[in-house]
Amino acid sequence: MNTEVIKITDINNQKSEILKAASILTNGGLAVIPTETVYGLGGDACSKESAKKIYAAKGRPSDNPLIIHIFSPDDAEKYAYTNEIYYRLAKAFMPGPLTVILKKKDIIPYEVTGGLDTVAIRCPSHPVAREIIKAAGIPIAAPSANLSGSPSPTCAEHVINDLYGRVDMIVDGGECEIGLESTIVMVNEDGVVTMLRPGAVTYDALCCVCERVVLSPSMEGTLSENEHPLSPGMKYRHYAPDCRVVLLDGDDKDVLDFLISEQKKCRCAILCYNEETELLDASLLFPVGDKTDVAEHARRLFSSLRRADAEKPDIIYAHLPDRSGLGLALYNRMIRAASHEVKKI
Ligand code: AMP
Ligand code: MG
């Protein structure tokens, strides 16, 4: 398949590019679009055929449901049964990095929801995504635009590496601002909000808007093979580079000493803090930001993993993140990338 790559930096002066991407989507094609979380592999969310094409392009198991992207929170009415809590969440967090699971209406085919009676709804804030969705006038099913199992793409280059030749268009909208996938919540009939996947809308932020918020046990990825997580994607090995990743848990000084000694023994790649770059051997260092800048760690995580993996090191080391605030989302992705391998120092 021919893949056209276009760059959109100015939505006001690039209407024709936006219309081109939109018309690919309305005609049953696949267009990768930038969002504030990660890049999304878009197709028509009301079309079975488009859903099948998305799964094929990603190499994704078809029981792993897709998130549908809408322009305005009210558009959810057309595709799902909304409720008061949905609108409370929408008022607080949409457009933005929050996905809400609701009971689906018939217009959304089971091919999109992996056979489930529910549908995942999100209203992205990225201006390019919003213009394309508005111009298309349809809901856009868009899972992360990576090959299934590899780290999610946070810039067009990642998408080109994974999906060039497998989609009709890749829209380059620069680097994603957040860099981790959306927070996913399910709203139960009794008003309890269950967090299925942590993201930039944090547990504390949800608690400010909803009285009862609980964390799903699948979030830490500790379910056994035959358990069914509420969020099907959580059962797959996710966000993982090919190389073994190990998370280091210990005092800063001890971890640094460990890394200095490891650098002498093997070709280890290190996702380090900026403050550590001077203290370590310069080769195979992938700084993720200042130690306390968790938003920057989130933004750089997937690209650092990809770049580290490309060097084919013996092992990739990274700091075990703190689980508070946005750190919980970072922890959730990193623990999967590391297949739960944490080394106590
Ligand atoms: P991605 O689009 O790659 O960020 O992943 C989408 C994830 O959203 C899936 O892997 C599921 O875990 C979750 N998801 C989508 N639809 C549903 C649904 N109807 N019920 C529960 N989880 C869902
Ligand atoms: Mg994904």
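The structure presented is a predicted model; accordingly, all values stated were derived computationally and were not measured.

Structural notes on the overall build of the protein
Across its full length, the protein holds ten helices and 16 strands. For 345 residues, the compact-globule estimate of 2.2 N^0.38 gives 20 Å, and the C-alpha radius of gyration of the protein, at 20 Å, lies within 12% of that figure. Residue burial in the protein is summarised as follows: out of 345 residues, 57% are buried. Relative to all contacts within the protein whose residues are 6 or more apart in sequence, the contacts with residues 24 or more apart total 66%. For the protein, the computed accessible surface area is about 14,700 Å², with 50% contributed by carbon and sulfur atoms. Across the protein, the centroid of the 38 positively charged side chains sits 3 Å from that of the 48 negatively charged ones.

Examining the pairing of strand 6 (residues 98-104)
Among the seven residues in strand 6, six count as buried, and that is most of the element. In this structure, strand 6 lies alongside strand 7 (residues 118-122), joined through five bridges in antiparallel fashion. Bridge assignment links lysine 103 to a residue of strand 7, and that residue is threonine 118.

Details of the state of the cysteines
All told, the structure shown has zero disulfides when counted by the stated rule. Distance from the sulfur of cysteine 123, which forms no disulfide, to the nearest cysteine sulfur (cysteine 46) is 16 Å. We note that cysteine 207 lacks a disulfide partner, and the nearest cysteine sulfur, in cysteine 208, lies 7.1 Å from it.

Criteria and cut-off values
- Each chain carries its own residue numbering, running from 1 in the direction its sequence is written.
- Working convention: letters from A go to chains and numbers from 1 go to ligands, in the order in which they are written.
- Local features in this predicted model are restricted to residues of pLDDT 70 or higher, and side-chain atom pairs are both shown and tallied only at a pLDDT of 80 or more, whereas totals for entire chains, interfaces and linings draw on every residue.
- Heavy atoms from the whole structure form the basis of all side-chain values; hydrogens and water molecules are not counted.
- Helix and strand definitions follow DSSP, with helices as H or I runs of at least four residues and strands as E runs of at least two, each counted in order from the N terminus.
- Radius of gyration: over C-alpha atoms. The globule rule applied is 2.2 Å multiplied by the number of residues raised to the 0.38 power.
- Partly exposed residues are those whose accessible area sits between 20% and 50% of the maximum for their type, while under 20% is buried and over 50% is exposed, using a 1.4 Å probe and protein chains only.
- A contact between two residues is defined here by any heavy atoms of the two lying within 4.5 Å.
- Per-residue accessibility takes into account occlusion by the displayed protein chains alone, with areas from the Shrake-Rupley method and a 1.4 Å probe.
- Charged residues are defined narrowly, with Lys and Arg counted positive, Asp and Glu counted negative, and His plus the chain ends left uncounted.
- Throughout, a charge is located at the NZ atom of Lys, the CZ atom of Arg, the CG atom of Asp or the CD atom of Glu.
- Two strands form a pair only when DSSP identifies at least two bridges running between them.
- Disulfides are defined as cysteine sulfur pairs within 2.5 Å.

These figures come from the coordinates and say nothing about function on their own.
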